[in-house]
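Remarks on the overall topology
Each chain, letter by letter, is given below.
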Amino acid sequence: DFPPGYEGYHNLDEMNAELDTVVKDHPDIASKSSIGKSFEGRDIPVLKISDNVGQDEDEPEVLFNCNQHAREHLTTEMCLRIANRFTDEYANDQAVKDAVDNREIWIIPVVNPDGSSYDVESGQFQGWRKNRQDAGTDLNRNWGYKWGCCGGSDDDPNGETYRGTAEWSAPETAAMRDFIDSRVVGGAQQIKAAIDWHTYSELVLWPMGHTSDDVTEDMTQEEYDRFARVGGEMAQTNGYTPQQSSDLYVTDGDSLDWMWGQHKILAYTFEMYPANGGGIDGFYPPDDVIAKETARNDAAVDILIREAGA
Ligand code: 0X9
Ligand code: CA
Ligand code: CA
Ligand code: ZN
């Protein structure tokens, strides 16, 4: 489990219990299901928040997914913050109520349950990034848009950015693909905007990741400008640095390029606290930062939810 000083983080059982509590306390606006199983057979839960939550209404849908990378535990806390805020504040906060009544919000707190359990199960952090399939696949190099195209991933199974044997070879990314594909209703993708949460460096990133060109196949100047405008607006609220993801470094097979390239989802990656972490330690801030560093993103989350309706 998490070591001393980190008890405020949710392990997998605690995360599941937290989602169950949200649903129990707010059954009219929250429901929990599973998008599928990990390599080791763990469920990957998803929480839906909306009015008339049992119905698939014609409302713009928004996706927040966390913890693709095992050691990035602060992101799970971010997803739980979103889950709690949009349910606990529903009765008191008109802006929250408007968002819940006019959107369908999907939250996946742990995309990589095997990796995140492995990272903490000995009581000492393992600094683990990938899933637990063989030597581990980097889930954020396994998505099926221009997979392995551009030198932005590793073909060595021992590499930290190993892309896997084929696109979607990881059960966890395949489950994400199937879930997102399932949100195509009547030929239209219902998910209009998304944030894939990571740590660390305090960045707001947008596609493309596989090329440093702004305008390219599947990205017009107008589309790029919208990404930059909304990204800049969100970054103003949390003090992160906004940039195209390939300005950080080139990746191929990451979630952003597929969400946009395949489904035209306004998809961002947020790299959370800290800005500079001194290597591996940056992935393991003590639990006393959780409240501040997750609340820091409330306004950006609200902007993204708004923008899903634009
Ligand atoms: O490398 C990643 O997958 C992400 N950074 S992390 O430190 N959390 O591993 C960033 C992915 C964003 N995409 C690009 N930089 N192209
Ligand atoms: Ca609804
Ligand atoms: Ca819907
Ligand atoms: Zn990451």
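Please read these numbers as outputs of a predicted model, since none were measured by experiment.

Cut-off values and rules
- Each chain has its residues counted from 1, running along the sequence as written.
- In the order they appear in the text, chains get letters beginning with A and ligands get numbers beginning with 1.
- Only residues with pLDDT of 70 or above have their local features reported here, since the model is predicted, and side-chain atom pairs are shown and tallied only from 80 upward, although totals for entire chains, interfaces and linings are computed over all residues.
- As a rule, residues whose C-beta atom has 12 or fewer other C-beta atoms within 10 Å are exposed, those with 20 or more are buried, and those in between are partly exposed; C-beta atoms are placed from the backbone.
- Each helix corresponds to a stretch of at least 4 residues labelled H or I by DSSP, and each strand to a stretch of at least 2 residues labelled E; elements are numbered beginning at the N terminus.
- For two strands to be treated as a pair, DSSP must find no fewer than two bridges joining them.
- Directions from the helix axis toward the C-beta atoms define the arc.
- Residues are defined as contacting one another if the C-beta atoms placed from their backbone atoms lie within 7 Å.
- Axis definition: a line fit to C-alpha positions, over the contact stretch in the case of helices; interaxial angles, taken between N-to-C directions, run 0 to 180 degrees.
- Oblique is the label for any angle not under 35 degrees, not over 145, and not in the 65 to 115 range, which are roughly parallel, roughly antiparallel and roughly perpendicular in turn.
- As a working rule, the residues Ala, Val, Leu, Ile, Met, Phe, Trp, Tyr, Cys and Pro are called nonpolar, Asp, Glu, Lys and Arg charged, and the rest polar, with Gly in that last group.
- Residues are counted as near a molecule or strand when the C-beta atom, derived from backbone positions, lies within 6 Å of that molecule or strand.
- UniProt positions are given in the numbering used here, feature names are shortened, and annotations may be inferred rather than shown by experiment.
- Think of it like this: strands point away, you trace from the first strand over the helix to the second, and a clockwise trace means the crossover is right-handed.

With respect to the pairing of strand β4 (residues 104–108)
- Across the 5 residues of β4, 5 count as buried, placing the element largely inside the fold.
- Of the two faces of β4, the one lined by Glu-104, Trp-106 and Ile-108 and the one lined by Ile-105 and Ile-107 are each fully buried.
- The sheet contact formed by strand β2 (residues 43–49) and β4 spans 3 bridges and is antiparallel. Paired with Leu-47 across the strands is Ile-107, a residue of β4.
- Pairing geometry for strand β3 (residues 61–66) and β4, over 5 bridges, is parallel. Looking across to β4, one finds that Glu-61 is bridged to Glu-104.

Considering helix α10 (residues 298–307)
- All buried positions along α10 are accounted for by Ala-300, Val-301, Leu-304 and Ile-305. Burial along α10 is one-sided: seen end-on, the buried residues are contained in an arc of 140°.
- Where α10 is buried, its residues meet β3, α2 (73–88), α3 (94–102), β7 (191–199) and α6 (221–238).

Focus: the packing of helix α1 (residues 12–25) against α2
- Between α1 and α2, the shortest axis-to-axis distance is 10 Å and the interhelical angle comes to 10°. With respect to each other, α1 and α2 are oriented roughly parallel. Where α1 abuts α2, its residues Met-15, Glu-18, Leu-19, Val-22 and Asp-25 lie against Thr-76, Leu-80, Ala-83, Asn-84 and Thr-87.
- Its residues assigned to classes, the contact of α1 with α2 comprises 5 nonpolar, 3 polar and 2 charged.

Things to note about the site of ligand 1
- Taken together, 14 residues lie around ligand 1, and Asn-140, His-198, Gly-209, Ser-245 and Thr-251 are the ones closest in.
- Among the secondary structure elements, those contributing two or more residues to the shell around ligand 1 are α7 (245–248) and β10 (266–272).
- Looking at which element gives the most residues to the shell around ligand 1, the answer is α7, with 3 residues.
- Residues that form the shell around ligand 1 fall into these classes: 3 nonpolar, 8 polar and 3 charged.

A few points about the environment of Glu-77
- Structurally, Glu-77 is set in helix α2.
- Residue classification places Glu-77 among the buried residues on the basis of 25 C-beta atoms within 10 Å.
- For the pair Glu-77 and Met-15, spaced 62 residues apart in sequence, the C-alpha separation works out to 8.8 Å.

Description of the UniProt feature "domain: Peptidase M14" (unreviewed entry) in the protein chain
- The feature "domain: Peptidase M14" (unreviewed entry), as given by UniProt, occupies residues 8–308 in the numbering adopted here.
- Counting secondary structure, residues 8–308 comes out at 35% helix and 18% strand; the distance between its end C-alpha atoms is 32 Å.

Notes on the pairing of strand β8 (residues 203–206)
- Residue alternation in β8 divides its side chains into two sets, Leu-203 and Leu-205 and Val-204 and Trp-206, and both sets are buried.
- The pairing of β8 with strand β9 (residues 241–244) spans 4 bridges and is parallel. Opposite Leu-203, over in β9, you have Thr-241 as the bridge partner.
- Running through α6, the crossover from β8 to the neighbouring parallel element β9 is right-handed.
- Relative to β10, β8 runs antiparallel, the two being bridged by 3 bridges. Across the sheet, residue Leu-205 finds its bridge partner in β10, namely Thr-269.

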